[in-house]
2 protein chains.
Amino acid sequence: MAETDPETQIDRRQRTAWIAADWGTTSLRCWAMAADGTPLDAAQSGDGMGSLAPEDFEPALLRLISDWLPPDGAGPVQVVICGMAGARQGWIEAPYSAVPCPPVGASLARAAANDPRIAVGIVPGLSQARPADVMRGEETQIAGLLAARPGFDGVVCLPGTHTKWAHVSAGEVVSFQTCMTGEIFALLAVRSVLRHALPGEEIDLPAFLAAVSDAMTAPQALAARLFGIRAESLLHGLPAPTARGRLSGLLIGQELAGTKPYWLGREVIIIGAPGLSALYAQALGTVGVAAEAAETTRLTLAGLAAARAVAAGGGAA
Amino acid sequence: MAETDPETQIDRRQRTAWIAADWGTTSLRCWAMAADGTPLDAAQSGDGMGSLAPEDFEPALLRLISDWLPPDGAGPVQVVICGMAGARQGWIEAPYSAVPCPPVGASLARAAANDPRIAVGIVPGLSQARPADVMRGEETQIAGLLAARPGFDGVVCLPGTHTKWAHVSAGEVVSFQTCMTGEIFALLAVRSVLRHALPGEEIDLPAFLAAVSDAMTAPQALAARLFGIRAESLLHGLPAPTARGRLSGLLIGQELAGTKPYWLGREVIIIGAPGLSALYAQALGTVGVAAEAAETTRLTLAGLAAARAVAAGGGAA
């Protein structure tokens, strides 16, 4: 049997101490990790939790990581996963930890795998009883932030489909709040009557900032101002980047009006995709908050390393 | 040729003075009308403007009304249409009338038809320059209301996909405002993460009213309260009718907060589907507004009759 086994692959197998994974609703991202926490290799696919049946979870993971695994009989490699893999419809439900608590203080949920080369652990999400709220995945990025800045006392804003605002103090998530802003934007931009008004991806920044201000001043006017985008497009030829900027600004501005108890007078760090994070930073700038943006992948990996250390009894910080 | 020609059909042909039609994005409804404004027969289909190509407009109409048409050579029957048939993507664009103006004061837009048995006229919609707004179809129902109550001075609320609030005085629409509430509800209920929380159609009225009150008090909290429905469903088993009532109440409550300049201290008449109109009436009741609900089809027919009379030079009221 002539098996190709290039040197780099041997290297990687020898040096891969564990595997990190971020498994969301729409994508799966994996990293081969060295013992010191350095990523050696990365792979990703569109096999999100939302598109897989339970029997597909392990094959979807193996498709990305099998090159990194040791030969049979060498003992399993630990795979540490954050995100929707731990949801009720995920690989195995990882019970939430209730805040206030450290972001990754609980033990990992063990997911059954048929392949003896892997041992799969899933990071539990966080819950809050009142007001009811949940997160899965973002707790790991917060843990990554705390690994770099153990004494951080402030607010973490994690923009995305469901944007999270978390108050972090003394190594714990004290409270948090989720806003459906990103999902509402996507539904309105793609599926509502507004789609006719905003082809393309470009956002006009002055229009965005003006809409942020409008929405913060009169958040109750949202449903009317949204239709106004369609009407101005029909009657006055509103340019698409202006329309898109206004839609984004109205929604983010209303979110800022609603999350004022979080960001007012606190240090704010934004963790998210660069483009969206920049919009949040610009919007926060209009109310005098100088938010700092952090690099997401690095924090995810540091958080997964922290979760692994906690699970091994190494302590949270 | 043995053509079946039952007596009722002959009767209908002889007595059909004109044909009324309400052609929206998702459906087409037609009525054979007697000269005195009595509907003689009705037909409807799912051939909405949104699903038809331009060459399909006339065939879709003829499928519903051909039984009502006179024999060839008897001269055309007038078909008066309101709704999206007059939009830019409709049969022919009927230019908007700018408010303030009577709801159906302008002449009908003539749509070209190949069949010599019909003469098609489309009722123009209304526009407002600032704040930019448009309506197509609702102006006809407002005209129907004014036909019954020429001196009406107050506000007409027309709940639907795009809910309209119109200030009506001295026989004219003075100003109006459109809220995307219905479309946002449908997108969230069917396509967002909230769909898991609210199977079924039942709405819990106390939950609806509590959410109306919450949203009016703190409209800026919408995006967070929406996600709270999902979180309470996951954590505390929120019953689906409660979740659905809360979603509807949050959106309608925010709309009421935004349309306060319309309904405050004015007589309010609601024109819309019975279930949704009842919810709006209940919501308005919580802020001391005793809104009256009107029967939609009757007003549509009265409005189309008024539009026909205006076009024939008979005057608006």
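Keep in mind the model is a prediction, meaning the values are calculated, not measured. (Residues numbered from 1 in each chain as written. Chains lettered and ligands numbered in written order. Predicted model: local features only at pLDDT ≥ 70, side-chain atom pairs only at ≥ 80, totals over all residues. Heavy atoms only, no water.)

### What to know about the interface of chain B and chain A
For step 1, the next point in the chain: Listed per partner, the contact involves 42 residues of chain B and 42 residues of chain A.
For step 2, the next point in the chain: Overall, the association of chain B and chain A removes approximately 3,400 Å² of surface from exposure, summing both partners, and the carbon and sulfur fraction of that is 71%.
For step 3, the next point in the chain: Sorting the residues of chain B by area buried against chain A places Met180, Gln220 and Phe227 of chain B first, and these three jointly supply 18% of that buried surface.
For step 4, the next point in the chain: Here chain B and chain A share zero salt bridges between them.
For step 5, the next point in the chain: The interface formed by chain B and chain A holds ten residue pairs in polar contact (both at pLDDT 80 or more) in total.
For step 6, the next point in the chain: Taken together, the elements giving at least two residues each to the side of chain B that touches chain A come down to β8 (126–128), β9 (133–135), β12 (172–179), α4 (181–191), α6 (222–236) and α7 (240–258) of chain B.
For step 7, the next point in the chain: By residue number, the principal contributor to the side of chain B that touches chain A is α6 of chain B, which donates twelve residues. (Contact = heavy atoms within 4.5 Å. Buried area = accessible area lost by both parts, 1.4 Å probe. Salt bridge = Lys/Arg side-chain N within 4 Å of Asp/Glu carboxyl O. Polar contact = N/O pair within 3.5 Å; in protein donor to acceptor, adjacent residues only side chain to side chain. Helix = DSSP H or I, 4+ residues; strand = E, 2+ residues; numbered from the N terminus.)

### Looking at the packing of helix α5 (residues 205–217) of chain A against helix α7 (residues 240–258) of chain A
Two measures define how a pair of helices packs: the angle their axes make with one another and the distance between the axes.
Residues and elements named next belong to chain A.
For step 1, the next point in the chain: Packing of α5 against α7 brings their axes to within 7 Å, and their N-to-C directions diverge by 35 degrees. Crossing hand, α5 versus α7: right-handed. Judged by residue contacts, Ala207, Phe208, Ala211, Val212, Ala215 and Met216 of α5 engage Thr242, Gly245, Arg246, Ser248, Gly249, Leu250, Ile252, Gly253, Gln254, Leu256 and Ala257 from α7.
For step 2, the next point in the chain: Class assignment for the residues of the contact of α5 with α7 results in ten nonpolar, six polar and one charged. (Axes fitted to C-alpha atoms, helices over the stretch in contact; angles between N-to-C directions. Left-handed = near helix turned anticlockwise from the far one by under 90°. Nonpolar A, V, L, I, M, F, W, Y, C, P; charged D, E, K, R; others polar.)

### Here we look at the nonpolar core
For step 1, the next point in the chain: Of all hydrophobic cores here, the largest spans 49 residues; its most connected members are Leu188, Leu226 and Leu247 of chain A together with Leu188, Leu226 and Leu247 of chain B.
For step 2, the next point in the chain: Contributions of two or more residues to this core are made by α4 (181–191), α5, α6 (222–236) and α7 of chain A together with α4, α5 (205–217), α6 and α7 of chain B.
For step 3, the next point in the chain: If sequence neighbours within four positions are ignored, Leu247 of chain A has contacts with Phe185, Leu188, Ala189, Leu194, Leu198, Leu226 and Ile229 of chain A. (Core = buried A, V, L, I, M, F, W, Y, C linked by side-chain atoms within 4.5 Å. Buried < 20%, exposed > 50% of the residue type's maximum accessible area, 1.4 Å probe, protein only.)

### With respect to the sheet that holds strand β5 (residues 97–98) of chain B
Residue and element names in this part refer to chain B.
For step 1, the next point in the chain: Pairing is mixed across the open sheet formed by three strands, whose spatial order is β5-β8-β9. Both edges of this open sheet fall to β5 and β9, since each of them pairs with a single strand only.
For step 2, the next point in the chain: The pairing of β8 with β9 spans three bridges and is antiparallel. Pairing of Leu126 across the sheet is with Met135, part of β9. (Pairing = 2+ DSSP bridges.)

### Notes on the environment of Ala85 of chain B
All names here are of chain B.
For step 1, the next point in the chain: With respect to the helices and strands, Ala85 occurs in the loop between β4 (77–83) and β5.
For step 2, the next point in the chain: Looking at Ala85, the relative accessible area reads 0%, which means it is buried.
For step 3, the next point in the chain: It is 8.9 Å that separates the C-alpha atoms of Ala85 and Val123, two residues lying 38 residues apart in sequence.
For step 4, the next point in the chain: Those residues within four positions of Ala85 in sequence are excluded, and the remaining contacts are Trp23, Met49, Gly90, Trp91, Ile92 and Ile122.

### Some remarks on the confidence of the model for chain A
All names here are of chain A.
For step 1, the next point in the chain: Per-residue pLDDT for chain A has a mean of 93; in total, 94% of the residues score no lower than 70.
For step 2, the next point in the chain: A low-confidence stretch, residues 1–5 (pLDDT under 50), is modelled with one contact involving residues beyond four sequence positions or located in other chains.
For step 3, the next point in the chain: Our summary of model confidence lists the complex with pTM equal to 0.92 and ipTM equal to 0.92. (pLDDT = per-residue confidence, 0-100.)

### Describing the relation of the copies chain B and chain A
For step 1, the next point in the chain: For the pair chain B and chain A, the relating rotation is 180 degrees, the translation along its axis is 0.1 Å, and the fit reaches an RMSD of 0.0 Å. Here the copies are linked by what is in effect a two-fold axis. Residue Pro219 of chain B of chain B places its C-alpha closer to the rotation axis than any other residue of that unit, at 3.0 Å.
For step 2, the next point in the chain: A high fraction, 100%, of the interface residues of chain B reappear at the interface in chain A, so the copies pair face to face through one surface. (Least-squares fit on C-alpha atoms with pLDDT ≥ 70 in both.)

### Things to note about the domain arrangement of chain A
Residues and elements named next belong to chain A.
For step 1, the next point in the chain: Domain boundaries assigned for chain A yield domain 1 (1–125) and domain 2 (137–317).
For step 2, the next point in the chain: The distance between the C-alpha centroids of domain 1 and domain 2 comes to 28 Å.
For step 3, the next point in the chain: The partner domain 2 presents 22 residues to the 26 residues of domain 1 that form the contact.
For step 4, the next point in the chain: Overall, the association of domain 1 and domain 2 removes approximately 1,900 Å² of surface from exposure, summing both partners, and the carbon and sulfur fraction of that is 72%.
For step 5, the next point in the chain: Where domain 1 packs against domain 2, one counts zero salt bridges.
For step 6, the next point in the chain: At the boundary of domain 1 and domain 2, one finds three residue pairs in polar contact (both at pLDDT 80 or more).
For step 7, the next point in the chain: Those elements that place two or more of their residues in the side of domain 1 that touches domain 2 are β1 (18–23), β2 (28–33) and β4 (77–83).
For step 8, the next point in the chain: At five residues, the largest contribution of residues to the side of domain 1 that touches domain 2 is made by β4.
For step 9, the next point in the chain: Split by residue class, the side of domain 1 that touches domain 2 holds 20 nonpolar, four polar and two charged. (Domains from an automatic or database assignment.)

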